[in-house]
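Analysis of the macromolecular model
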Amino acid sequence: MKYYDYLIVGSGLFGATFAYCARLAGKRCLVIDRRNHLGGNAYCENVGGINVHVYGPHIFHTSNRKIWDLVNTIVPFNSFINKPLATYKDKTYNLPFNMNTFRQLWNVECADEARDIINRQRQDVIEKLAGREPENLEEQALMLVGRDIYEILIKGYTEKQWGRLCSELPAFIIKRLPVRFTFDNNYFNDVYQGIPIGGYNRLIDGLLVGIETRTGVDFINHREECINLADKVVFTGQIDEYYNFRYGPLEFRSVRFENEDINISDFQGNAVINYTERDVPFTRTIEHKHFEMFGDEVQKCSHTVVSKEFSVEWMKGMEPYYPVNDAKNNNLYLKYKALADSEKNVIFGGRLAEYKYYDMAPVMERAIETFQSNL
Ligand code: UDP
């Protein structure tokens, strides 16, 4: 019998939600994080009254009423709706792909006209596929929206973001983008959407109320001491690092930001603008105050913080963001997973430990399920 029931390694949304469930069930937990703050990549830094999403834009969205109720009991959410724009060669387009985008591209007003254009532009790939499923992102994108949108709004952005050709990327990445034949710029199809009022740290701190936490503690470098503290370890870091990269490293994409604090009240009139041209070196610009424009304090701010997001290949020492779920990496992950499955007292969960792209709400669902199934 050790002092804690659970040692939770990583205080992102998986770790914090797992800890929350465990505390409610009367378990004793310690949450540690190697960074000097809690919250993983959802962490925000307050810069002169503006919550800066230090690790990139986070927009909470879900159709799961239980998750929405849970997060709102911890901190009320605002009614932010993500409506990103895309810029390509000085022209601006609405996202996700919808009637506004089709009008900007082809000057069409009617859904059937847009459908006809897309169908004509899909003919080549339909013939090429001859009934088989799209095998890569390029084929999938051409099937979904045809050649124009692929060339203008997808190819350059995706190849910058992933550092790989669209023809070498898995098809599923693009499937999460809606295609709509209505004038609706809401980026997500989910029923509920918003940003915690006062920022994400309130959500994380609320989940972790009553739970012991320590930051600046690296599990990997203090493995033995850490393991001895608790009956079970919940590991949310990189699964390959847990096993000292025994079979070689899994590939991740990382992100680098150039932040500017500008002395004007509004820079771009929107939270997110994507730059879909290959030759523009960054993928998007984020103007953080727009996530919380409903708050008086933010509206009154006479300055604004804008981040340019640059996508880079992950190397040791960087923060990993996106797993590269191509066949090679997925097969490598399965080797690590086989090791993980044989552990009796270690539970692996979250984006880095499961090598899987999770949005915030699904990772919370996953943490709840994982807790319940390990009781
Ligand atoms: N994507 C694109 N053009 C855009 C926005 C997204 O081609 O303007 C593609 C790109 O391949 C990206 C995927 O859609 O990886 C998913 O985009 P999402 O916005 O969900 O990515 P995230 O917010 O996770 O970075």
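Before reading further, recall that the structure is shown in the block above.
Read on for an overview of the structure. Keep in mind that what you see is a predicted model, and the values were worked out from it rather than measured.

Applying the stated criterion across every chain yields a total of 29 aromatic pairs. On the numbers, 5.4 Å between centres and 70° between planes, the contact of phenylalanine 60 with phenylalanine 77 is edge-to-face. Taken together, the residues span a long stretch of sequence, with phenylalanine 60 in strand 5 (residues 60-62) and phenylalanine 77 in the loop between helix 2 (65-74) and strand 6 (85-88) at a distance of 17 residues. Summarising the burial analysis for this pair, phenylalanine 60 and phenylalanine 77 share the class buried. For the ring pair tryptophan 68 and tyrosine 192, a centre distance of 5.5 Å and an interplane angle of 10° mean the geometry is stacked. Of this pair, tryptophan 68 sits in helix 2 while tyrosine 192 sits in strand 8 (residues 192-194), placing them 124 residues apart in sequence. The same class applies to tryptophan 68 and to tyrosine 192, which are both buried. Three or more aromatic residues joined by ring pairs make a cluster, and in this case those are Phe219, Phe235, Tyr242, Tyr243, Tyr247, Tyr336 and Phe348. Over the ring of phenylalanine 310 we find arginine 256; its NZ or CZ atom is 4.2 Å from the centre of that ring. Cation over ring: arginine 351 sits above tyrosine 357, and NZ or CZ is 4.4 Å from the ring centre.

What follows covers the site of the ligand. Near the ligand you find 17 residues, and of these Leu153, Thr158, Tyr187, Tyr322 and Tyr357 are the closest. Between leucine 153 and the ligand, the recorded distance is 2.8 Å, taken from a backbone N or O atom to a nitrogen atom. Within the side chain of arginine 176, an N or O atom sits 3.0 Å from an oxygen atom of the ligand. Listed by contribution, the elements that provide at least two residues to the shell around the ligand are helix 5 (137-162) and helix 6 (172-175). When grouped by side-chain class, the residues that make up the shell around the ligand number 11 nonpolar, 4 polar and 2 charged.

Each value, and the rule that gives it
Residues numbered from 1 in each chain as written. Predicted model: local features only at pLDDT ≥ 70, side-chain atom pairs only at ≥ 80, totals over all residues. Heavy atoms only, no water. Phe/Tyr/Trp six-rings, centres within 6.5 Å; stacked < 30°, edge-to-face > 60°. Helix = DSSP H or I, 4+ residues; strand = E, 2+ residues; numbered from the N terminus. Buried < 20%, exposed > 50% of the residue type's maximum accessible area, 1.4 Å probe, protein only. Lys NZ or Arg CZ within 6 Å of the ring centre and 35° of its normal. Near = heavy atom within 4 Å. Polar contact = N/O pair within 3.5 Å; in protein donor to acceptor, adjacent residues only side chain to side chain. Nonpolar A, V, L, I, M, F, W, Y, C, P; charged D, E, K, R; others polar.

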